[in-house]
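What follows is each chain in one-letter form.
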Amino acid sequence: MLRLLHTADVHLGARHTDLGERAAVLRERQFAAFRATVDLAMVEKVDLFLIAGDLFDSNTQPRRSVERVAAELGRLARASIRTVIIPGTHDVYDGASIYRSYDLTNMARAASDWVAVLTPYLPEIVFPSLDTIVYGRVFDTKRSPRSPLAGLNVKADTRATWKIGMVHGALAIPGRTDADAVVFTEEEIAATGLDYLALGHWHSAVEGRAGSVSYAYSGAPEPVAVDQDGAGQVLLVTLDDRAGRHVVTIEPKRVGQTRAEKLDLDVSGVHSQPELIEVLARHADANLVFSVRLTGLFPDDLDLDLEEVDRALAPAFLKFRIRDASIPAAPEGLQAPPDTVLGAFVGAIEARIAELEQASGAAPGAAVESSGTSETEASVAAGRSTGASAAIASPEVDPAEELADLREVLRLGRHLLEGRQVTL
Ligand SMILES: [Mn+2]
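What comes next is a walk through the structure. All values reported here derive from a predicted model rather than from experimental measurement.

Moving on, we come to the overall build of the protein chain. Scanning the protein chain from N- to C-terminus turns up 10 helices and 17 strands. Scored against the burial criterion, the 424 residues of the protein chain give a buried share of 46%. Nonlocal contacts in the protein chain, meaning residues at least 24 apart in sequence, comprise 71% of its contacts between residues at least 6 apart. Accessible surface computed for the protein chain: about 19900 Å², of which carbon and sulfur atoms make up 51%.

The structure is reproduced here in structure tokens:
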């Protein structure tokens, strides 16, 4: 049995230009997630710790940051856990690579088979004590000249039982990965004969199986951009030999603190700005990236300044975003002539609303604008309203519900007939 912890895309030192003054907070979280991953590896007593590329956000990092990482790798080595790292696309193994500038093995005060960086010149490493080989496919240019899995077939390799691959790149998806620098296919994965392929590059966790090969993207342990809601975990992988059959179990483990949540809020039920702020403030969480979208019909009498809402709520979240996708209220005093489609429509619906209000004893005109109906208009309205009520006044329809529906029909229809933008 072999147990390993698989992470990738930690992106230490990311600048987070979209986060402003919170950028440093997220950078610290990324390091905290890395440290939590190391802690998890020690608690779970794994045999191998794999970092499948983009440990660093770029090849230029302060020495202090590299030292912090090396200290963590040293911690793993002293706990008898071996680390294998491959460079990615952000920390590519080019001439200026951070893995050439710094000797992580040396800085971790570990022997070379305890902290290993695979490169084009060290494409694989054998661990006899673990009965394991780790194959890396790394290039010294950001854009690979060929698939990293081209020609990789380990089936005949008899040096060890467990065969693990590491690649940083995109699993081909027609039309979506054409621009990616490093691309490989499911067929190529299946042809390798590996037991497990540890992938990096995608920031959301994904797992799959190609032929007899299990593969997975661990995703980023902490979101690298605030909208990456599939990030936040690492993978605990167990390889077991059951009567000669290799069984791979992949268990996602949460290490990141940042959560993302999207909320669609129907603004038609909101009565005031303080009420909206109060409702949204119930979600307050310093770890939450909270994206709110206002939908529905914007009430005529609601006075809302989204910049003020933003200012009031921003301190309660890691990042707060609010945007308005509601249907705007009609300008006051707008009256369409009765011989237009708009005038006839408004007259017909208002007449039916008045009818229902009278039947239910509600104050007429409370929620309906006065239409200043003339004789002609009223007759048009009455004619239309007969048809409309025949269609909608079935016994199952609750009058209060119909009234609410008709008010919405009136507002929505008015916007449509006025040729205004309606977003649903
Ligand atoms: Mn990445």
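A separate point is the packing of aromatic side chains. Taken as a whole and assessed by the stated rule, the structure comprises eight aromatic pairs. Ring centres of Phe317 and Phe320 lie 5.5 Å apart, and the angle between their planes is 25°; on these two criteria the pair is classed as stacked. Comparing Phe317 with Phe320, the two get one shared label, buried. Taken together, the aromatic side chains of Phe31, Phe34 and Phe49 make up a single cluster linked through ring pairs.

Our focus in this paragraph is unusual backbone geometry. Even without being glycine, Lys45 reaches a positive phi, approximately 50°. Within the secondary structure, Lys45 sits in the loop between helix H1 (23-43) and strand E2 (48-52). Classification of Lys45 by relative accessible area gives exposed; the value is 65%. You will see that Ala243, though not glycine, has its phi angle at about 50°, which is positive. Structurally, Ala243 can be placed in the loop between strand E13 (233-242) and strand E14 (245-254).

Turning next to the side chain of Arg29. Structurally, Arg29 is set in helix H1. Here Arg29 occupies a buried position and makes no salt bridge, while the nearest side chain of opposite charge, Glu222, is found at 4.4 Å. When near neighbours in sequence (up to four residues on either side) are disregarded, Arg29 contacts Glu222, Gln257, Thr258, Ala286, Asn287 and Leu318.

Another aspect to go through is the coordination of the manganese ion. Octahedral metals with six donors have ideal donor angles of 90 or 180 degrees. Tetrahedral metals with four donors have an ideal donor angle of 109.5 degrees. Around the manganese ion, the donor atoms from the protein are Asp9 (OD), His11 (NE2), Asp54 (OD) and His203 (NE2), and they sit 2.0 to 2.5 Å away. One chain supplies every donor for the manganese ion, spaced along it as D-x1-H-x42-D-x148-H. With Asp54 in the loop between E2 and helix H2 (63-78) and His203 in the loop between strand E10 (196-200) and strand E11 (206-210), this pair connects stretches of sequence that are 149 residues apart. The exposure classification of Asp54 matches that of His203, with both residues buried.

So, on to the sheet that holds strand E3 (residues 82-86). Strand pairing in a sheet relies on backbone hydrogen bonds. The paired strands run either parallel or antiparallel. Strand order in the open sheet made by the six strands is E4-E3-E2-E1-E13-E14, with mixed pairing throughout. A single partner strand is all that each edge strand has here, and the edge strands are strand E4 (115-117) and E14. The sheet shows a mean angle of 20° between the axes of neighbouring strands, taken without regard to direction. By the bridge criterion, five bridges tie E2 to E3 in an arrangement that is parallel. Residue pairing across strands places Leu48 opposite Arg82, the latter belonging to E3. Sheet strands in contact with H2 are E2, E3 and E4, and its direction is about 140° off that of E3.

Time to look at the pattern of salt bridges. Taken as a whole and judged by the stated rule, the model has 19 salt bridges. Between Glu67 and Arg63 there is a salt bridge, with its nearest N and O atoms 3.6 Å apart. With Glu67 and Arg63 both in helix H2, this residue pair falls four residues apart, about one helical turn. A relative accessible area of 47% means that Arg63 is categorised as partly exposed. The salt bridge involving Asp240 is made with Arg242; its shortest N-O contact spans 3.5 Å. Among the ionic contacts, a cluster of salt bridges with common partners joins Arg3, Glu44, Glu251 and Lys253.

On to a negative patch on the surface. Taken together, the side chains of Asp266, Asp398, Glu401, Asp405 and Glu408 define an acidic patch exposed on the protein surface. Ranked by residues supplied to the negative patch, first place goes to helix H10 (residues 399-417) with three residues. The topology assignment puts Glu401 in helix H10.

As a rule of thumb, nonpolar side chains are buried together in soluble globular proteins. Ranked by internal contacts, the top residues of the largest apolar core, which has 60 residues, are Phe34, Leu73 and Tyr196. Beyond its immediate sequence surroundings of up to four residues, Leu73 is in contact with Phe34, Ile51, Thr83, Ile85, Leu104, Ala108 and Val115.

Attention now moves to the sheet that holds strand E16 (residues 285-295). Pairing is parallel across the open sheet formed by three strands, whose spatial order is E15-E16-E17. Of all the strands in the sheet, the pair left with one neighbour each is strand E15 (259-266) and strand E17 (317-324). With direction set aside, neighbouring strand axes in the sheet form an average angle of 15°. Taken together, the seven bridges between E16 and E17 define a ladder with parallel strand orientation. Bridging across to E17, Arg293 finds its partner in Arg323. Each of E16 and E17 touches helix H7 (residues 306-313); the most contacted strand, E17, lies at about 165° to it.

As for its placement among the helices and strands, Val154 is situated in the loop between strand E6 (132-136) and strand E7 (162-168). For Val154, a relative accessible area of 2% translates into the label buried. Residues Val154 and Thr192, 38 residues apart in the sequence, show an inter-C-alpha distance of 5.9 Å. Here Val154 is in contact with Tyr135, Lys163, Thr192, Gly193 and Leu194, once residues within four sequence places are set aside.

Let us now look at the side chain of Gln273. Mapping Gln273 onto the fold places it in helix H6 (residues 273-281). At a separation of 2.8 Å, a polar atom in the side chain of Gln273 contacts the main-chain amide nitrogen of Asp305. Residues in contact with Gln273, not counting those within four places in the same chain, are Leu302, Asp303, Leu304, Asp305, Glu308 and Val309.

Calculation notes
- Residues numbered from 1 in each chain as written.
- Predicted model: local features only at pLDDT ≥ 70, side-chain atom pairs only at ≥ 80, totals over all residues.
- Heavy atoms only, no water.
- Helix = DSSP H or I, 4+ residues; strand = E, 2+ residues; numbered from the N terminus.
- Buried < 20%, exposed > 50% of the residue type's maximum accessible area, 1.4 Å probe, protein only.
- Contact = heavy atoms within 4.5 Å.
- Areas by Shrake-Rupley, 256 points an atom, 1.4 Å probe, with all protein chains shown as cover.
- Phe/Tyr/Trp six-rings, centres within 6.5 Å; stacked < 30°, edge-to-face > 60°.
- Lys, Arg positive; Asp, Glu negative; His and termini not counted.
- Salt bridge = Lys/Arg side-chain N within 4 Å of Asp/Glu carboxyl O.
- Donors = N, O, S within 2.8 Å, 3.2 Å for Na, K, Ca; no water.
- Pairing = 2+ DSSP bridges.
- Axes fitted to C-alpha atoms, helices over the stretch in contact; angles between N-to-C directions.
- Patch = residues over 30% accessible without salt bridge, like charges linked within 9 Å, V, L, I, M, F, W, Y side chains within 5 Å.
- Charge placed at Lys NZ, Arg CZ, Asp CG, Glu CD.
- Core = buried A, V, L, I, M, F, W, Y, C linked by side-chain atoms within 4.5 Å.
- Polar contact = N/O pair within 3.5 Å; in protein donor to acceptor, adjacent residues only side chain to side chain.

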